[in-house]
Amino acid sequence: MSQSSVPKGIALALVSLVLLGTMPVIANSRPAGVSALSFALALSVWQAVFAAPVFALELRAGQRGIFSAVLPRRAAIRMGLIAVLTGAMFGLSTYLYVLGVEKAGATNAAIAIQAYPLFAILWESLFLKRRKTAPELALTLLLIATLYYLGSGGTGRLTGLSVWFLVSLGVPFLWSVAHVIIKEELGRTPVTPVQVTFFRVVLSALFLAALLFGTTGRPMGAELIAAVLQPVSVLMGLAYYLELIVWFYAVRHIDVSLASSITTPWPALTMALAVPVLGDRIEAYQIGALVVVVLCIYGLTWASLRKANA
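Calculation rules
- Residues numbered from 1 in each chain as written.
- Predicted model: local features only at pLDDT ≥ 70, side-chain atom pairs only at ≥ 80, totals over all residues.
- Heavy atoms only, no water.
- Axes fitted to C-alpha atoms, helices over the stretch in contact; angles between N-to-C directions.
- Helix = DSSP H or I, 4+ residues; strand = E, 2+ residues; numbered from the N terminus.
- Parallel < 35°, antiparallel > 145°, perpendicular 65-115°, else oblique.
- Left-handed = near helix turned anticlockwise from the far one by under 90°.
- Contact = heavy atoms within 4.5 Å.
- Buried < 20%, exposed > 50% of the residue type's maximum accessible area, 1.4 Å probe, protein only.
- Polar contact = N/O pair within 3.5 Å; in protein donor to acceptor, adjacent residues only side chain to side chain.
- Salt bridge = Lys/Arg side-chain N within 4 Å of Asp/Glu carboxyl O.
- Expected span 1.5 Å × (residues − 1).
- Arc of directions from axis to C-beta.
- Bend = angle between axes of the 7 residues up to and from the residue.
- Patch = residues over 30% accessible without salt bridge, like charges linked within 9 Å, V, L, I, M, F, W, Y side chains within 5 Å.
- Areas by Shrake-Rupley, 256 points an atom, 1.4 Å probe, with all protein chains shown as cover.

Caption draft 1: Representation of the packing of helix α1 (residues 6-27) against helix α10 (residues 231-253) in the model. Two numbers describe how α1 lies on α10: the axes approach to 8 Å, and their chain directions differ by 155 degrees. Relative to α10, the element α1 is oriented roughly antiparallel. Seen along the crossing, α1 lies across α10 with a hand that is left-handed. For the pair formed by α1 and α10, the contact residues are V6, K8, G9, L12, A13, V15, S16, L19, L20, M23, I26 and A27 on the first element and V232, L235, M236, A239, Y240, L242, E243, V246, W247, Y249, A250 and H253 on the second.

Below you can see the structure in the form of structure tokens.
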């Protein structure tokens, strides 16, 4: 990457930070009559709406991506199954995201979502057999302990552990699994990130529609139509889609480690916005937990880079 592109990458990563920080607040601003599942489907529909023109423009520009590949039948079936599986994962994670920020609170859910490195470390250790250094293990244990302390409401007691905080942890868990699968697939096929994003949001919307139908029997009922037409659904869908695209372009200009370091403090923005916008009360233990989590993630990033350069 050229030196001239670094400022652009940093600027894009800062935009990603702002989007990440505001999304939990937007999600918790939905009208009381709209359920979490209907809202998750509505914002996924809007994501697909915003993704479609970009997808079409890329094809028109001659970047055919996956459509230029000649895949054997077995490989095509495999790719289709992977697309459906990851689409369902992202759809479920969207639902858990909306539900988590509502039930656990925007601040707690935002910090819980920062547990993504924990699951990445887990998959690397289990499937890639990558050994962790003593500092990495110590930071990981501290991160786990901090998240437990936060999930217990600052009491440290198991009886105080919030089920909804655990639900919020399901978001980075699903993201980490789906990202590992998609990363493997990106290396095997010419599919472009724009195509991956478009297929992801469309399949997520279809999965959530099926889930809504299975639980209510009326996927296109009045509640869903009202949810789709809510301005907050449009705003959330736009913010979510923009964050996906902005992040992709950011890491084209700077290293993933630098982009991740820039976006790491985004829960602090969520915390700052939740007070005036949502009327939330921020406790001292939440601020302390956020500081420790951010420091742990920076420490893990530093340890990973040091090991890679050794």
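Back to the text.
Caption draft 2: Structural detail: the environment of S35. Along the chain, the position of S35 falls in the loop between α1 and α2 (36-60). Overall, S35 belongs to the partly exposed group, its relative accessible area being 28%. For S35 and E223, which are 188 residues apart along the polypeptide, the C-alpha to C-alpha distance reads 8.3 Å. Ignoring sequence-local partners within four residues, the contact set of S35 consists of R30 and E223. Only 3.0 Å separates the side chain of S35 from the side chain of S38, close enough to count as a polar contact.

Caption draft 3: How the structure looks around the pattern of salt bridges. The tally for this structure, following the rule as stated, stands at 3 salt bridges. With its nearest N and O atoms 2.7 Å apart, the salt bridge here joins R30 to E102. Of the two residues, R30 sits in the loop between α1 and α2 while E102 sits in helix α3 (residues 73-103), which places them 72 residues apart along the sequence. Classification of R30 by relative accessible area gives buried; the value is 13%. One salt bridge connects E102 with K103, and the closest N-O pair in it is separated by 3.8 Å. Note on E102: relative accessible area 33%, which makes it partly exposed. Judged by its relative accessible area of 42%, K103 is partly exposed. Beyond isolated ion pairs, a larger network of salt bridges with shared partners links R30, E102 and K103.

Caption draft 4: Representation of the side chain of Q286 in the model. With respect to the element layout, Q286 can be found in helix α13 (residues 284-309). By relative accessible area, which is 7% here, Q286 ends up buried. Here the side chain of Q286 touches N108 through a polar contact of 2.8 Å, side chain to side chain. Only 2.8 Å separates the side chain of Q286 from the backbone nitrogen of E283, close enough to count as a polar contact.

Caption draft 5: How the structure looks around helix α6 (residues 134-151). With 18 residues, α6 should cover 26 Å at 1.5 Å per step; its first-to-last C-alpha distance of 26 Å lies within 8% of that length. Those residues of α6 lying buried are E136, L139, T140, L143, T146, L147, L150 and G151. What you see down the axis of α6 is that its buried residues fit within an arc of 130 degrees, all on one side. Among the exposed residues of α6, those pointing more than 90 degrees away from its buried face are A134 and L141. Two residues or fewer after α6 comes G153, characterised by a positive phi angle close to 75 degrees.

Caption draft 6: Structural view of α2. Compared with the 36 Å implied by 1.5 Å per residue over 25 residues, the 36 Å span of α2 between its first and last C-alpha is a close match. Roughly 30 degrees is the biggest bend found in α2, and it falls at A51, with proline P53 one to four residues downstream.

Caption draft 7: Layout of a nonpolar patch on the surface. A surface patch of nonpolar side chains, amounting to about 360 Å² of accessible area, comprises I287, V291, L295 and Y298. Residue position: I287 is located in helix α13. The partly exposed category is assigned to I287, whose relative accessible area is 43%.

Bear in mind that shape data such as this cannot, by itself, settle questions of function.
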